[in-house]
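Analysis of the macromolecular model
Here is how the chains run, residue by residue.
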Amino acid sequence: MNSLLLLSIVATLLPIVLTAVPTASISAHVLDISGGSPAGGIQILAYIQQNNAWTNIGGEFTQDNGRVDWVSPNFTLIAGTYRLVYVTKSYYTAKGIDSFYPYVEVVFEIRDPTQHYHVPLTLSPWGYSTYRGS
């Protein structure tokens, strides 16, 4: 194979490899069950509790499919207590819908930071539910 062609292929694939989501990460998904669709454009802020205070470790917006593949790409998971804040008010305001919860906080513990943690949220203007996904 031509070395120039090989170099071109490697250069094309390198960004994909460098941005791959590791196993040790937190992802999220928001489904708007009032409309039966993914909730794109919702900001999700990620925190870890350290010394009785919350430290921000990331923030991303859900994609059109309602997913965030990695909420804290610049933070290496450690054992501890985490909090995700799903900022929901602007999502419903943009749709012209009144809602009860301006944001939803989900607090959870990570004991094994080598695992992947998926934290989905099913959402409506008047309620929500969450669980540990896969």
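What counts, and at which threshold
Residues numbered from 1 in each chain as written. Predicted model: local features only at pLDDT ≥ 70, side-chain atom pairs only at ≥ 80, totals over all residues. Heavy atoms only, no water. Helix = DSSP H or I, 4+ residues; strand = E, 2+ residues; numbered from the N terminus. Buried < 20%, exposed > 50% of the residue type's maximum accessible area, 1.4 Å probe, protein only. Pairing = 2+ DSSP bridges. Axes fitted to C-alpha atoms, helices over the stretch in contact; angles between N-to-C directions. UniProt positions renumbered as here; feature names shortened; annotations may be inferred. Contact = heavy atoms within 4.5 Å. Polar contact = N/O pair within 3.5 Å; in protein donor to acceptor, adjacent residues only side chain to side chain.

Details of the environment of Gly-35
By the element assignment, Gly-35 lies in the loop between strand S1 (25-32) and strand S2 (37-38). You can call Gly-35 exposed: its relative accessible area is 53%.

Looking at the sheet that holds strand S7 (residues 103-110)
With antiparallel pairing, the four strands of this open sheet are ordered in space as S4-S3-S6-S7. Where the open sheet ends on each side, the last strands, each with one partner, are strand S4 (53-61) and S7. Taken pair by pair, the neighbouring strands of this sheet meet at an average axis angle of 20 degrees, ignoring direction. The pairing of strand S3 (residues 43-50) with S4 spans eight bridges and is antiparallel.

As for the UniProt feature "binding site: substrate" (unreviewed entry) in the protein
UniProt's feature table lists "binding site: substrate" (unreviewed entry) at His-29, Arg-67 and Tyr-131, given in the numbering used throughout. Among the structural elements, His-29 can be located in strand S1. The residues touching His-29, leaving out its near neighbours within four places in the chain, are Asn-65, Gly-66, Arg-67, His-118, Val-119, Pro-120 and Leu-121. A polar contact is formed between the side chain of His-29 and the backbone oxygen of Asn-65, at a distance of 3.3 Å. For Tyr-131, the location among the structural elements is in the segment after strand S9 (127-130). Excluding its chain neighbours within four sequence positions, the residues that come into contact with Tyr-131 are His-118, Val-119 and Pro-120.

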